[in-house]
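# Notes for the structure review
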Amino acid sequence: MDGPAGQPDPVARYLAELATQRQLSAHTVAAYRRDLAELAELAGHADWARLTHFDIRRFAAKLHAAGQDPRSIARKLSGWRGFFNWLAPRAGLPSNPVQGVRAPRRARSLPKALAVDDAVRLMEAGASPHPEPFELCNRAMFELLYSSGLRVSELVGLDLDFTPAGAGRPASRGWLDRAAQEVVVTGKGNKQRRVPVGAPALEALAAWLAVRPAARDGSAALFLSARATRISPRVVQQRLKQHALRAGMPVHVHPHVLRHSFASHVLQSSGDLRAVQELLGHASITSTQVYTSLDFQHLAAVYDRAHPRAKAK
């Protein structure tokens, strides 16, 4: 698909701008590249300027008929819409063909969250009088995930403290601020936020830092793998899964379950939806409102157990 006036690859130029001007991550840019490649395939590699609103609706329907999840289709439509918003003034398009096209409706699924007792049991499980360094690292990571509601990408991106840019190394995007008892993280959309760290997590972090070896990759990473390099999200997921299995958790536990549990439990205690939004780093309150449903489910369960007239005899 060629662009206007002899500029042959508008997709490449668009992706380059996303990476350099908007500073999106390589992972996000790669996702846009895949979605635009799929659009080109659906369109038979026709000229971008020839695509119409009806073509895009037909493509969305085709993806749905092929069994793609409505959430995935919505994400692709959003990516396509952004591309055509960029392309329209450069190619002289009369309108954005994706504008107004909506993904098929989907059933709203609630995030999974642990009960408070299960979360506490998970955090306390497997305590050893003489823990190995990797056990101290695990406990610090799991406590911090639950204490501060971090995404796993934010967790693994944390440094010991703020490190400025230098010697070909970028400045820290996230770090532990021990004096303030907070972590500073850079979340989606390059939004930076500060999140408090609870006392059990601070205690676990202190125990880990007392035995943390020097990083072999020269980084200031807070959490390290068995090879003493910055730990990866996949390793965190695997370690948490094994820990939860040993603790006898009733559900599969992954890092996002701890984030959901954090949000649900804070909302149950405070009722402050705006505060939870800030702590989670949600751009829109709509993303946070799903936890009000979890909170209602919790209250309904308490009612069913406690009220003498809650259930028919």
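Residues numbered from 1 in each chain as written. Predicted model: local features only at pLDDT ≥ 70, side-chain atom pairs only at ≥ 80, totals over all residues. Heavy atoms only, no water.

## Digging into helix H4 (residues 70-91)
As a reminder of what qualifies: A run of H or I in DSSP becomes a helix once it reaches four residues, and a run of E becomes a strand once it reaches two; helices and strands are each numbered from the N terminus. Multiplying 1.5 Å by the residue count of a helix minus one yields the expected span of that helix. Each residue's exposure class comes from its accessible area (1.4 Å probe, protein chains only) as a fraction of the maximum for that residue type: buried when under 20%, exposed when over 50%, partly exposed otherwise. Only heavy atoms matter for contacts: two residues are in contact if any of them lie within 4.5 Å across the pair. Polar contact is defined as a pair of N or O atoms within 3.5 Å, subject to the rule that within protein one atom must be able to donate a hydrogen and the other to accept it, and that residues adjacent in sequence are counted only when both atoms are side-chain atoms.
With 22 residues, H4 extends 30 Å from end C-alpha to end C-alpha; this agrees with the ideal 32 Å at 1.5 Å per step. Regarding H4, the residues found buried are Pro 70, Ser 72, Ile 73, Lys 76, Leu 77, Gly 79, Trp 80, Phe 83, Phe 84, Trp 86, Leu 87 and Ala 88. At its buried positions, H4 is contacted by helix H1 (10-20), helix H2 (26-42) and helix H3 (53-65). N-cap assignment for H4: the residue whose side-chain oxygen lies 2.9 Å from the backbone N of Arg 71 is Asp 69. Backbone geometry just after H4 places Gly 92 at a positive phi near 70°.

## Side note on the nonpolar core
Defined as follows: Nonpolar cores are built from buried Ala, Val, Leu, Ile, Met, Phe, Trp, Tyr and Cys residues. Side-chain atoms within 4.5 Å join them into one set.
Core analysis: the biggest nonpolar cluster contains 48 residues, and Leu 122, Val 183, Phe 223 and Val 253 have the highest contact counts within it. Taken together, the elements giving at least two residues each to this core come down to helix H5 (116-124), helix H6 (133-148), helix H7 (152-156), strand S2 (182-186), helix H8 (199-209), helix H9 (233-246), helix H10 (255-270) and helix H11 (273-280). The greatest single-element share of this core, amounting to eight residues, is contributed by H6. With near-sequence residues (within four places) excluded, Leu 122 lies in contact with Leu 114, Leu 240, His 243, Ala 244, Ala 247, Met 249, Val 253 and Leu 258. Of all hydrophobic cores here, the second largest spans 28 residues; its members include Val 11, Tyr 32, Ala 60 and Ile 73.

## Details of H1
An α-helix turns once per 3.6 residues; consequently, residues spaced three or four apart project the same way. Selection rule: Arc definition: it is the arc formed by the directions from the helix axis to the C-beta atoms.
Within the span of H1, buried status applies to Pro 10, Val 11, Tyr 14, Leu 15 and Leu 18. Projected down its long axis, H1 shows its buried positions confined to an angular sector of 130°, all on one face. Where H1 is buried, its residues meet H2 and H4.

## Regarding the sheet that holds strand S1 (residues 175-177)
Pairing between sheet strands relies on hydrogen bonds along the backbone, with the strands arranged either parallel or antiparallel. Worth spelling out the cut-off: What makes two strands pair is DSSP finding at least two bridges between them. Simply put, an axis is a line fit to the C-alpha atoms, just over the touching stretch for a helix, and the angle between two N-to-C directions goes from 0 to 180 degrees.
Reading across from one edge, S1-S2-S3 is the order of the three strands in this open sheet, with antiparallel pairing throughout. With partners counted over all chains shown, the strands left at the sheet margins are S1 and strand S3 (192-196), one partner each. When the angles between neighbouring strand axes are averaged without regard to direction, this sheet yields 25°. As paired strands, S1 and S2 are joined by three bridges and run antiparallel to one another. Across the sheet, residue Asp 177 finds its bridge partner in S2, namely Glu 182.

## Let's talk about the UniProt feature "active site" (unreviewed entry) in the protein
Rule in force here: UniProt positions are given in the numbering used here, feature names are shortened, and annotations may be inferred rather than shown by experiment. Only protein atoms enter the 1 Å grid, on which a cavity is a set of points fitting a 1.4 Å probe that cannot get out and a pocket is an open set with protein on both sides within 12 Å along at least 5 of 7 lines, lining residues being those with an atom within 4 Å of a point.
As annotated in UniProt, the feature "active site" (unreviewed entry) corresponds to Arg 151, Lys 188, His 256, Arg 259, His 282 and Tyr 291 in the numbering used here. Lining the largest pocket, from this annotated set, are Arg 151 and Lys 188. Mapped onto the elements of the fold, His 256 is located in helix H10. We classify His 256 as partly exposed; its relative accessible area is 33%. Turning to its location among the elements, Arg 259 is positioned in helix H10. You can call Arg 259 buried: its relative accessible area is 3%. The residues touching Arg 259, leaving out its near neighbours within four places in the chain, are Gly 149, Leu 150, Arg 151, Arg 193, Leu 280 and His 282.

## Thoughts on the pairing of S2
Burial runs high along S2: four of the five residues are buried. Bridge analysis of S2 against S3 gives five bridges, and the strand direction is antiparallel. Opposite Val 184, over in S3, you have Arg 194 as the bridge partner. Connecting S2 to the next strand, S3, in antiparallel fashion are five residues, including Gly 189 with a positive phi near 70°.

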